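Observations on the model geometry
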Amino acid sequence: MKIRVLFVCLGNICRSPMAEAVFQQLVNEAGLETEIEVDSAGTSSWHVGEPAHPGTRKILARNGISYSGTSRSIDRAELSDDHTYVIAMDESNERQIKSLSQKHDRVFRLLEFSTQTAGRDVPDPYYSGDFDLVYTLVEDACRGLLKAIKDWEGI
Ligand code: 4NP
């Protein structure tokens, strides 16, 4: 059974699509595409159907990563799937995820896997405009996350 990694933020246009694209790239580089499926979703439905924010698309492109996904909102069923790691960007996302599903053992915050100590929440660039900082945090933590999943799953 394929392992799923689902990144979750509020709008699914800034942070979680960035994490999805970066993590997918790391999975590809590790040759684990057949073992790990990567996706993202939002806790809101405010931007459903829209492409990622221009700031996210720009910094991904600058780092040679393509992304063509569009925003969708999470559904309750996918949160309780045994093979899905649900990775929240901030405390508010995490709280919402945990209120939608009783299964909490595979719910994490992305920066739990960070080597930096800047804080536990990925700051929202929709408000701050600082997509560079977010990219740095996301990339570092995605590396840690992949390592943790490889260890846990024995792959
Ligand atoms: P995201 O950022 O959760 O990282 O996708 C946001 C996107 C849109 C809004 C807020 C945050 N919004 O208020 O529309």
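In the block above lies the structure referred to throughout.
What this report covers is the structure whose coordinates are included nearby.

1. Description of the side chain of D90
Counting through the fold element by element, D90 comes out in the loop between β3 (84–88) and α4 (91–100). Residue D90 is classed as buried on the basis of its relative accessible area of 14%. Of the polar contacts made by the side chain of D90, one reaches the backbone nitrogen of S92; its length is 3.1 Å. Of the polar contacts made by the side chain of D90, one reaches the backbone nitrogen of N93; its length is 2.8 Å. Excluding its chain neighbours within four sequence positions, the residues that come into contact with D90 are R15, R109, D121 and V122.

2. Notes on the site of the ligand
Around the ligand, the surrounding shell consists of C9, L10, G11, N12, I13, C14, R15, W46, H47, D124, Y126 and Y127. In the model, an oxygen atom of the ligand is placed 2.7 Å from a nitrogen or oxygen of the R15 side chain. Y126 is positioned with one of its side-chain polar atoms (N or O) 3.5 Å from an oxygen atom of the ligand. Surface burial for the ligand is 93%, taken as the share of its 360 Å² of free accessible area covered by protein chains. When grouped by side-chain class, the residues that make up the shell around the ligand number seven nonpolar, three polar and two charged.

3. Description of the pattern of salt bridges
Within this structure, the stated rule accounts for 17 salt bridges. A salt bridge links R4 to E37; the nearest nitrogen and oxygen atoms lie 3.3 Å apart. Linking R4 in strand β1 (residues 3–9) with E37 in strand β2 (residues 36–42), this pair joins segments that are 33 residues apart in sequence. Under the relative-accessibility criterion, R4 is labelled buried at 17%. One salt bridge connects E94 with R109, and the closest N-O pair in it is separated by 2.8 Å.

4. Some remarks on the sheet that holds β3
One open sheet accounts for four strands, arranged β2-β1-β3-β4; its pairing is parallel. Strands at the two margins of the open sheet, each flanked by one partner only, are β2 and β4 (107–109). If you compare each strand with its neighbour and ignore which way they point, the axes differ by 25 degrees on average. The pairing of β1 with β3 spans five bridges and is classified as parallel. If you follow V5 over to β3, its bridge partner there is Y85. In this fold helix α1 (residues 15–29) packs onto β1 and β2, with an angle of close to 175 degrees to the strand it touches most, β2. Relative to the sheet, α4 contacts β1, β3 and β4, its axis offset from that of β4 by approximately 170 degrees.

Conventions we followed
Residues numbered from 1 in each chain as written. Predicted model: local features only at pLDDT ≥ 70, side-chain atom pairs only at ≥ 80, totals over all residues. Heavy atoms only, no water. Helix = DSSP H or I, 4+ residues; strand = E, 2+ residues; numbered from the N terminus. Buried < 20%, exposed > 50% of the residue type's maximum accessible area, 1.4 Å probe, protein only. Polar contact = N/O pair within 3.5 Å; in protein donor to acceptor, adjacent residues only side chain to side chain. Contact = heavy atoms within 4.5 Å. Near = heavy atom within 4 Å. Areas by Shrake-Rupley, 256 points an atom, 1.4 Å probe, with all protein chains shown as cover. Nonpolar A, V, L, I, M, F, W, Y, C, P; charged D, E, K, R; others polar. Salt bridge = Lys/Arg side-chain N within 4 Å of Asp/Glu carboxyl O. Pairing = 2+ DSSP bridges. Axes fitted to C-alpha atoms, helices over the stretch in contact; angles between N-to-C directions.

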